[in-house]
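Listed below are the residues making up each chain.
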Amino acid sequence: MNNKRLGLSLLITMQMLLPLVLTGCWDSVELNRRAIVSGVGIDRGPSDDQKYILSFQVIIAEEISGEQTRSSSPVALYSGSGRTMFEALANASRQTARFLSLGHVRVVVISEEFAREGIKDMLDVLERESDMRLTSLVFISKDQPASEVMSTMTVFSKIPANDLVEKLDTTSKQFGYNYKMEVDDVIRGIQVRGGGPVINGVFRTGGRERGDSNDNLKTITPDTILRISRLAVFKDDKLKGWLEGKTAFGTVLLLNKLKEFPVVIKKDNGYLAFNVYQSQVSVDAEAKDPEHPVIIIKITQQAALKESPNSLDLTSPEVLEKLSEQLTMEARSQIREAIAAARKLESDYIGFGEAVKRENPHGWKKVKDHWEDIFAACEIKIDADTVIRHTDMRGNSFQVY
């Protein structure tokens, strides 16, 4: 009985003492002391003492919530420079009355100038920083400082970083070759032997005078618009060049990232437009002899006719079969142009080396150090097939007699 009372007394004593050692979150910062950063721009400075120029797009909560609004900009841009990214962050924080909080960064924009020099070090910082998200989307600003992209007011979203996210989501699902590329994806791409990541390009068009103010939103035709276009392709961590048009479509086809995209073909005296709404691509290798591999590309596509000004009999299976063959030829052409571009840039960002590695891991170890030479001359076989599933809401086009 005494033992039970002693045990109960010890339990009560421990329960009373435990709260004394619970100190809570020692480094916590209250929400009203945080400046929420939605996007980060990274530019190359003029010297090594100012190597990194970071631009932080900070959300003004009062303007977003609608309460106590002052009809001013919903975001503010703060910049800092330094020999390292951390030093640049520290210098930028001196301009704000709150702690810069990086936990909600949705967009990271790197200038083309910096991308050509190399992005490995800055990605190491983004991965190492505990507050940063590896799901932040990465863009390369073409021919412009990243700070200009960060300072552009947008129509459909009060926060410009969110506008970029939504635009990329839209174009990746319809009519475009751009697709989501996150910090973690870029890091993985850099580590691919002989290749590199493929990153979306972004730039702003139109006049720059009013792009960073609310005046940009007060006209039917905004002076400045953010555009997501082109693909920045890398060798290791350095930018090698830009892709657009058929070459960009073919590259993303090979990476099996396309969801829906338009295809236009010429027929007689006019053009027909199709929507390819399903595309499956596999890249494999016959690599018993890793010095002379054969890359096998298989493509299956399903398409819908969207526009036909011609007087074709679209109820005829023979006509649709011929149109399907033209679509297949177009897919082959896109693939060939993408491969030619990758070989010209001497970077296997399209993943042929990964296919050889999957097929023959031991053989890959023998050729990985000179894969660039093999990639430039290896045999490629393309097996493509396209089916036109329907012609939307009507069959033959109406004619004027």
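Just so we're clear, the structure is a prediction, and the values are computed from it rather than from any experiment.

Q: It is not clear to me how a negative patch on the surface should be interpreted in this structure. Could you clarify?
A: Taken together, the side chains of Glu318, Glu321, Glu325, Asp383 and Asp385 present a region of like negative charge at the surface. Breaking the negative patch down by element, the ones donating at least two residues are α10 (317–345) and β13 (379–390). Considering each element in turn, the negative patch owes the most residues, three residues, to α10. You can see Glu325 is positioned in helix α10. The class for Glu325 is partly exposed, based on a relative accessible area of 43%.

Q: Looking at this structure, how should I read the pairing of strand β11 (residues 270–286)?
A: Regular strands place side chains that alternate from one sheet face to the opposite one. Two elements, strand β10 (residues 261–267) and β11, share seven bridges in a ladder whose sense is antiparallel. Each bridged residue has a counterpart across the sheet, and for Lys266 the counterpart in β11 is Tyr271. The hairpin formed by β10 and β11 contains two residues between the paired strands, and Asp268 there has a positive phi angle of roughly 55 degrees. Where β11 lies against strand β12 (residues 294–307), 13 bridges are found, and the strand directions are antiparallel. Paired with Ser282 across the bridge in β12 is Lys298.

Q: Looking at this structure, I do not really get the pairing of strand β7 (residues 198–206). What am I missing?
A: Here β7 lies mainly inside the structure; seven of its nine residues are buried. Pairing of strand β6 (residues 137–141) with β7 involves three bridges; the strand directions are parallel. Within β7, the position partnered with Ile140 by the bridge is Gly201. As defined by bridge partners, β7 adjoins strand β8 (residues 224–235) across eight bridges and the pair is classed as antiparallel.

Q: Would you mind showing me how to read α10 here?
A: Residue pairs three or four apart in sequence face the same way in an α-helix, which turns once every 3.6 residues. Here α10 is 29 residues long and its end C-alpha atoms lie 42 Å apart, about the 42 Å a rise of 1.5 Å per residue gives. With its phi angle positive at about 60 degrees, Glu346 sits one or two positions after the end of α10.

Q: Can you walk me through the sheet that holds β12 in this structure?
A: Neighbouring strands of a sheet are bound in pairs by backbone hydrogen bonds; such pairs are parallel or else antiparallel. In spatial order, the strands read β10-β11-β12-β13; together these four strands make up an open sheet with mixed pairing. With one partner strand each, in any of the chains shown, β10 and β13 form the two edges of the open sheet. Looking at each pair of strands side by side, their axes are set apart by 35 degrees on average, direction ignored. Relative to β13, β12 runs parallel, the two being bridged by eleven bridges. Following the sheet pairing, Lys298 is matched in β13 by Asp383. Across the sheet, helix α9 (residues 245–254) is in contact with β10, β11 and β12; its angle to β11 comes to roughly 45 degrees. Contacts from helix α11 (residues 352–359) reach β11, β12 and β13, with the element oriented near 40 degrees to β11.

Q: Can you help me understand the packing of aromatic side chains in this one?
A: Working definition: an aromatic ring pair is given by the centre-to-centre distance plus the angle between the planes. For the structure on display, the rule yields six aromatic pairs. Taking the centre distance of 5.2 Å and the plane angle of 35 degrees together, the rings of Tyr52 and Phe114 count as tilted. Of this pair, Tyr52 sits in strand β2 (residues 52–59) while Phe114 sits in helix α4 (residues 112–117), and the two are 62 residues apart along the sequence. According to the relative accessible area criterion, Tyr52 is buried, its value standing at 6%. Ring geometry for Trp371 and Phe375: centres 6.5 Å apart, planes at 40 degrees, overall tilted. Here Trp371 and its partner Phe375 are both found in helix α13 (residues 371–375), four residues apart, which amounts to about one turn of the helix. Each member of the aromatic cluster is reached from another via a ring pair, and the members are Phe352, Trp364, Trp371 and Phe375. Positioned above the aromatic ring of Phe114 is the side chain of Arg44, whose terminal nitrogen or guanidinium carbon lies 5.9 Å from the ring centre.

Q: Help me out: how do you make sense of the nonpolar core in this one?
A: Taken as a class, soluble globular proteins show a tendency for nonpolar side chains to be buried jointly. Within the largest apolar cluster, 87 residues are counted, with the highest numbers of intra-cluster contacts made by Ile42, Phe56, Ile110, Ile119, Ile297, Tyr349 and Phe352. No other element matches the eight residues that α10 contributes to this core. Here this core gathers at least three residues from each of two domains, domain 1 (32–243) and domain 2 (246–400). In this view, Phe56 contacts Val37, Gly39, Val40, Ala76, Leu77, Tyr78, Leu89, Ala92, Leu100 and Leu102; residues no more than four positions away in its chain are not counted. Within the second largest apolar cluster, 17 residues are counted, among which are Val107, Ala161, Leu164 and Leu226.

Conventions used here
- Residues numbered from 1 in each chain as written.
- Predicted model: local features only at pLDDT ≥ 70, side-chain atom pairs only at ≥ 80, totals over all residues.
- Heavy atoms only, no water.
- Patch = residues over 30% accessible without salt bridge, like charges linked within 9 Å, V, L, I, M, F, W, Y side chains within 5 Å.
- Areas by Shrake-Rupley, 256 points an atom, 1.4 Å probe, with all protein chains shown as cover.
- Salt bridge = Lys/Arg side-chain N within 4 Å of Asp/Glu carboxyl O.
- Lys, Arg positive; Asp, Glu negative; His and termini not counted.
- Charge placed at Lys NZ, Arg CZ, Asp CG, Glu CD.
- Helix = DSSP H or I, 4+ residues; strand = E, 2+ residues; numbered from the N terminus.
- Buried < 20%, exposed > 50% of the residue type's maximum accessible area, 1.4 Å probe, protein only.
- Pairing = 2+ DSSP bridges.
- Expected span 1.5 Å × (residues − 1).
- Axes fitted to C-alpha atoms, helices over the stretch in contact; angles between N-to-C directions.
- Contact = heavy atoms within 4.5 Å.
- Phe/Tyr/Trp six-rings, centres within 6.5 Å; stacked < 30°, edge-to-face > 60°.
- Lys NZ or Arg CZ within 6 Å of the ring centre and 35° of its normal.
- Core = buried A, V, L, I, M, F, W, Y, C linked by side-chain atoms within 4.5 Å.
- Domains from an automatic or database assignment.

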